[in-house]
Each structure stands twice: as structure tokens, then as C-alpha cells.
Amino acid sequence: METVNKFDVLVIGGGIAGLTAAKTVAVSGRRVGVVEQGKLGGEYIYNYDVPAEIGLNAVRAMFSLEAIQRFGAKKRTMSLSLAGLERERNEVVKNVEGYWGEEAIKRDGVEIIKGRARFVDGEVEVVSTHEAASKAKGGAPKSKKRLAATRYIIATGSTLNQGGITVANKVKIWTPTDVWTAVRLPKTLMIIGAGMSGVEMAYYATKLGLRVVLIDRENRLLPNEDEEVGRFYSAMFAKLGRVSTVLGAEVESVGEKELILRRGNTKKSLPITGTSQVVLATGQLPNVEALGLDTIGVKIGKNGIVVDRGLTTSNSRVYAAGTCVDDVPSDLAMLMGKTAALSIISRNAPIMSGASSPRTLGLTPSYARIGATETELRLKNARYKKSVVLLSEIPRGRIAGGDGFVCVLSDVKARIIGAKIIAPEAESMILALAAAVKYQMTVDELLKVPVPLDSWNEAIRLALTRL
Ligand SMILES: Cc1cc2nc3c(=O)[nH]c(=O)nc-3n(C[C@H](O)[C@H](O)[C@H](O)COP(=O)(O)OP(=O)(O)OC[C@H]3O[C@@H](n4cnc5c(N)ncnc54)[C@H](O)[C@@H]3O)c2cc1C
């Protein structure tokens, strides 16, 4: 087959990691193309980040309306409208497409090639998505394209990990996308997986008046976070009502009428009523299969494609970025895309520093974490100091009333190595601590940064003085 095109850089996958990479390359005047099998923008625009943010924004607005009842506002029954949420989603998606959509990306000087890509003979073979689907059903694709490039960036993202759970043929299981974009909802959601995604969906669903059963193989909510975080949100759910938990139980199968759970050697059935819907929130797996990576010597590790700090794979002409490398949030996926592109086009390319970006949970109060967790430090037998301040200890907490805490961790040299916050504006408050972790600031150095009087940030200051 003839090679029809030669690019300086060819990006495989047009999610935000791939598009950020392509836009960065295009600025340098090089010829760059993106191969995308579906819609540009990937999971960010259509499936997770944007739809979830709209749902959680609506819930926040509801919370503010409820809060003004403290000031004597008359109590009214409020409910969210799924049709209203859909209208808002369509509007926001249109706006976001103005930046990430096909026309915008073309204007930035990036060529778009539609179809499914894989490596063949050191080049990229692209089959149109329609034909790839027909081939999967036994039909033969009629036309294929061969593209070649001096450098390649793989940014193929990830897909839901079914986690070995068997699903009966007739059962339609939901993904998080189905929840965030639903125009009709069942009475009960049975969410398998009580990590960040499962907990956010549970909160949203309760605010829409649904009942929720949260199931996890671990013994607590948010098992990847420190224990007190899971405990806080468990207590919050208990207060809200409507959420029940089944913890320490591994789901083996989903049938039409029951879930089969295993606890040690004991199996148990959990009935699924006619008005319930099962949702999988069991994590993601990198999209690395069927890319022909073995034919070009690109290694795959436990979390995804193996890269160095410049995001070069084990093949020096091939780079990788985004969730095909690791389970990263969207800001980090974009940073990886940019870093991979700069590694190619710049002599002084930056390297991924390894400092994590903040992890956040969009509930009210929200949660944000940066740097090391205590669980990680204990596993490493690392020596550290910990300081916790309850929001009720600071003036703002006493005035505004607020559940939550700030916890700061420092190492033996008094450098700030991690922090977690549960507060009304945790995702904004974490910024100062994120800067401190990134630049290895000491407790005394951060204490020199002034803090506005009566702000939530006084809790950070108080926590630092106690270290
Ligand atoms: C349930 C859930 C909730 C999340 N919520 C948040 C959140 O609230 N905040 C946050 O910051 N992050 C969140 N994330 C993470 C965020 O969605 C990802 O970090 C981001 O979307 C990753 O972008 P990406 O470009 O790496 O991958 P993707 O968006 O998956 O893009 C990859 C693209 O590659 C294409 N592709 C794959 N294989 C091929 C092929 N062979 N040929 C051509 N094209 C191909 C796909 O069609 C896709 O468009 C969430 C993730 C999940 C799973």
C-alpha cells in the first residue's frame, strides 16, 4: 500500500492530550496531523469532565439556595430538571467545541484524519471508523490509508475497566457517562465502585431524589484517599440519607435480577429491583490493544504505555501522553500532551516534574488533595509530621458554619510534602499548598505568605503554625 502522506508529527487520538500536543506542534510551523476515530475532544467534552461539571454545578447552585434559608428565606421545594440540565449541557458543549472542535483545531493549523489507527511496518495505517466497525462484524474494509511521520505521539486515552465482572447478556449496564448525560433516571442507582467517580455520582443522584447503593470491594469509601476522607463523606451520606453502602464485597456478576457478591469465601446475592440501574465505576484501562505497539517496540507497563520524563516511549521516535500512559486528570493529560510536543520541537524541552496535580472531588463541601497521602508515607515507612485544623476552629467556620478540615503534612526537614482539604472551596484553597509542594517550600516559608482575614485560608495558616 502506498504511503500517502508524510507528517513531521502524527498524533494518534484526538482527546485533550492529543489535541494539546497537536496545537503545540502546529505553533512551531511543522506539519502535524491528528488521527481520531470518533469526535474530537474525547472523554473530556462528551463523556466525563464537562457533563459531570454541569451536573455538579447544578447541585452546588441548589445547595446555595438551601443555604439562604439560614437567613430567613422562605423554604421552597426545589428540584433539578433533567431537560434543563440537557439544555445547559448542549449549550456548554457548543462553547467548548469553539476551542476544541474540528473547525477550531483546523484553524490552528492541524490536519485531521478520521479513522482508526494502528502501526503497521513502522507507519500508521488508518481505516475509516465506519469500515473498522464493519470489519469487526466480519465485513472487509475497502480502503485504507497509510500515513508516515518523523515522530509520533500516542494519545489514545482509556476505556472503562469492567474489572472482571460478568454481565448477563440481556443486562444493559450503565457507565458514568450514562449517569451524567441521562435524560431519564431510574429510582435507584446501584454503583459498583466507591472511588471519586462513584462518590460524585452518588451525591448527584441523591440530589436528584434517587436512592443509591454504593458497593466497593474495599472496606471504605474513597479507598485511594486517606481514611479520614472516606469517613467524612460516609458520615455526610449517612446524614443526607438515601445512600446505603455495601463495603468489603467484590461483585462477581450482574444478572437481570441480582448481583452476586463475594466476601472471602462467602457468596451473597443482592437483589436488583425493576426500578434500579447498575452503574460501573470500576476505573479505566489504557487503550493500547490493537495499536500494533509490539511491532514498533513500544513497551506497555502496569498502568499503560511506559514513558520517560520527556514522555518518550521505548521507541525514541514515539511519544505518549494522557490516560493511555496513566490514570491522570484532564489538566495533567493536557500538560503531558504539551510536554510530549515540546520534547519533539524544542531543544530545552521541559520534563514532567513528577509532582502530582491536585485531585479534587466536586461535592459540597469539596475535597482537594496534593502531594503525598499518609497511606503512601506509611507504606514507605517515611517520617512525617501532620497537623489538622477543623474549620469550626477558625472565625470563618464559626461565622459561615462549615464542616471540614485542613490537614498539612511535612517531612523531617519541615518541607511541605502533602495536604488534604475538605472545605466549601477546597479546590481553590489547595493552590497555595500545591505551589508549596511543587517548589519544596518549608512550613516557615509558606507562613510568610499573607492570608486574608476571616477567609477559609486561615485554616491553612493555623495548620502550619501547629507543625
Ligand atoms: C469517570 C471519569 C470521570 C472523570 N472526571 C474527571 C474530572 O472531573 N476532572 C478531571 O480533571 N478529569 C476527570 N477525568 C479524567 C479525564 O477525563 C481524562 O484525564 C482526559 O479525558 C484524558 O484525555 P486523553 O486525551 O488522554 O484521552 P481521551 O479523552 O480518552 O481521548 C483519547 C482519544 O483517542 C481516540 N482513539 C483511541 N484509539 C484510537 C485509534 N486506534 N485510532 C484513532 N483514535 C483513537 C479516542 O476515540 C479518543 O477520542 C475523569 C475520567 C473518568 C473515567
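Residues numbered from 1 in each chain as written. Predicted model: local features only at pLDDT ≥ 70, side-chain atom pairs only at ≥ 80, totals over all residues.

Participant: Explanation requested: the overall build of the protein chain in the structure shown.
Facilitator: A count of helices and strands for the protein chain gives 15 helices and 22 strands. For the protein chain, whose C-alpha radius of gyration is 24 Å, the value lies close to the compact-globule estimate of 23 Å for 467 residues. Burial status across the protein chain gives 41% buried among its 467 residues. In the protein chain, once contacts between residues fewer than 6 apart in sequence are set aside, the share between residues at least 24 apart is 64%. (Helix = DSSP H or I, 4+ residues; strand = E, 2+ residues; numbered from the N terminus. Rg over C-alpha atoms; globule rule 2.2 N^0.38 Å. Buried ≥ 20, exposed ≤ 12 C-beta atoms within 10 Å, placed from the backbone. Contact = placed C-beta atoms within 7 Å.)

Participant: I'm lost on the domain arrangement of the protein chain in this one. Help?
Facilitator: Frequently, the measure chosen for interface size is the accessible area removed from exposure when the parts meet. Along its sequence, the protein chain is organised into domain 1 (3–41 + 101–159 + 285–352), domain 2 (47–89), domain 3 (166–282) and domain 4 (358–465). Each of domain 3 and domain 4 was reduced to a C-alpha centroid, and the two centroids are 30 Å apart. Of the residues lining the interface, nine residues belong to domain 3; the matching set on domain 4 comes to 10 residues. Considering every element that reaches the side of domain 3 that touches domain 4, the biggest residue donor is helix H8 (residues 196–207), with four residues. In terms of residue class, the side of domain 3 that touches domain 4 is built from six nonpolar, no polar and three charged. (Domains from an automatic or database assignment. Nonpolar A, V, L, I, M, F, W, Y, C, P; charged D, E, K, R; others polar.)

Participant: I keep staring at the site of the ligand and nothing clicks. Help me out?
Facilitator: In the region of the ligand, 35 residues are neighbours, and Gly 13, Gly 15, Gly 42, Gly 157 and Gly 322 sit closest. Of all elements in the fold, only helix H1 (16–27), strand S2 (32–36), helix H2 (42–46), helix H3 (49–67), strand S4 (116–120) and helix H10 (330–345) reach the threshold of two or more residues within the shell around the ligand. (Near = placed C-beta within 6 Å.)

Participant: Just to check I follow, could you spell out the pairing of strand S22 (residues 416–423) for this structure?
Facilitator: Counting buried residues in S22 gives eight out of eight residues, a clear majority hidden from the surface. Judged from the six bridges that link them, strand S21 (residues 405–410) and S22 form a sheet pairing that is antiparallel. Across the sheet, the residue bridging to Phe 405 is Ile 422, located in S22. Connecting the antiparallel pair S21 and S22 is a turn made up of five residues, with Ala 414 showing a positive phi of about 65°. (Pairing = 2+ DSSP bridges.)

Participant: Got a minute to help me understand H8 in this structure?
Facilitator: Side chains that are three or four residues apart share a direction in an α-helix, a result of its 3.6 residues per turn. Counted at 1.5 Å a residue, the expected span for H8 with its 12 residues is 16 Å, and the 17 Å between its end C-alpha atoms agrees. Among the 12 residues in H8, 11 count as buried, and that is most of the element. Along H8, the residues classified as buried are Met 196, Ser 197, Gly 198, Val 199, Glu 200, Met 201, Ala 202, Tyr 203, Tyr 204, Ala 205 and Lys 207. Positive phi shows up at Gly 209, right after H8, with a value of about 90°. (Expected span 1.5 Å × (residues − 1).)

Participant: Whenever I open this one, the sheet that holds strand S14 (residues 266–271) confuses me. Can you help?
Facilitator: Pairing between sheet strands relies on hydrogen bonds along the backbone, with the strands arranged either parallel or antiparallel. Taken in spatial order, the four strands make up an open sheet running S8-S12-S13-S14, and their pairing is mixed. Of all strands in the sheet, those with a lone pairing partner are strand S8 (166–167) and S14, marking the two edges. Two elements, strand S13 (residues 258–263) and S14, share six bridges in a ladder whose sense is antiparallel. If you follow Glu 258 over to S14, its bridge partner there is Pro 271.

Participant: Hey, could you run me through the packing of H1 against H10 in this one?
Facilitator: Two quantities define a packed helix pair, namely the angle between the helix axes and the distance between the axes. Their axes nearest at 7 Å, the elements H1 and H10 cross at an angle of 35°. In this structure, H1 meets H10 at a crossing whose hand is right-handed. Between H1 and H10, the contacting residues are Ile 16, Ala 17, Gly 18, Thr 20, Ala 21, Thr 24 and Val 25 on the first element and Ser 330, Ala 333, Met 334, Met 336, Gly 337, Lys 338, Ala 340, Ala 341, Leu 342, Ile 344 and Ile 345 on the second. A breakdown of the residues in the contact of H1 with H10 according to their chemical character gives 12 nonpolar, five polar and one charged. (Axes fitted to C-alpha atoms, helices over the stretch in contact; angles between N-to-C directions. Left-handed = near helix turned anticlockwise from the far one by under 90°.)

Participant: Teacher, can you tell me more about unusual backbone geometry here?
Facilitator: Excluding glycine, residues mostly carry a negative phi; peptide bonds, for their part, are mostly trans. Along the chain, Thr 364 connects to Pro 365 via a cis peptide bond; the corresponding omega equals 0°. You can see Pro 365 is positioned in the loop between strand S18 (359–361) and strand S19 (366–371). With a phi close to 60°, Ala 290 is a non-glycine residue in the positive phi region. Examined against the element boundaries, Ala 290 turns out to sit in the loop between strand S16 (284–286) and strand S17 (318–320). We note that Asn 381 has phi near 55°; this positive angle belongs to a residue other than glycine. Relative to the elements of secondary structure, Asn 381 occurs in the loop between helix H11 (374–379) and strand S20 (385–390). A residue is classified by how many C-beta atoms lie within 10 Å of it, and Asn 381, with 6 of them, is exposed.

Participant: I'm lost on the packing of H3 against helix H4 (residues 82–100) in this one. Help?
Facilitator: At a minimum axis distance of 10 Å, the contact between H3 and H4 shows a crossing angle of 135°. It follows from the interaxial angle that H3 and H4 lie oblique. The element H3 and its partner H4 pack so that their crossing is right-handed. For the pair H3 and H4, contact is made by Val 50, Pro 51, Ile 54, Gly 55 and Ala 58 and by Leu 85, Glu 88, Arg 89, Val 92, Val 93 and Val 96, respectively. For the contact of H3 with H4, a count of residues per class yields eight nonpolar, one polar and two charged. (Parallel < 35°, antiparallel > 145°, perpendicular 65-115°, else oblique.)

Participant: Before we go on, may I ask you to explain the sheet that holds S22 in this structure?
Facilitator: Taken in spatial order, the five strands make up an open sheet running S18-S19-S22-S21-S20, and their pairing is antiparallel. A strand with exactly one partner marks an edge of an open sheet, and here the two such strands are S18 and S20. For this sheet the average axis-to-axis angle between neighbouring strands, irrespective of direction, equals 10°. Where S19 meets S22, six bridges bridge the pair, whose relative direction is antiparallel. If you follow Ala 368 over to S22, its bridge partner there is Ile 421. Across the face of the sheet, helix H15 (residues 458–465) comes into contact with S20 and S21 while running at roughly 40° to S21.

Participant: Help me understand the pairing of S13 in this model?
Facilitator: Sheet analysis places strand S12 (residues 250–254) next to S13, joined by four bridges and oriented antiparallel. Residue pairing for S13: Glu 250 is matched across the bridge by Arg 262. Connecting S12 to the next strand, S13, in antiparallel fashion are three residues. Count of turn residues in the S13/S14 antiparallel hairpin: two residues, of which Gly 264 carries a positive phi of about 60°.

Participant: Whenever I open this one, the nonpolar core confuses me. Can you help?
Facilitator: Looking at soluble globular proteins, one finds that nonpolar side chains tend to be buried together. The biggest cluster of nonpolar side chains holds 72 residues, and the ones touching the most others in it are Ile 191, Val 279, Val 406, Ile 416 and Leu 433. Excluding residues that lie within four positions of it along the chain, Val 406 makes contacts with Val 389, Ile 421, Ala 423, Ala 459, Ile 460 and Ala 463. (Core = buried A, V, L, I, M, F, W, Y, C linked by C-beta atoms within 7 Å.)

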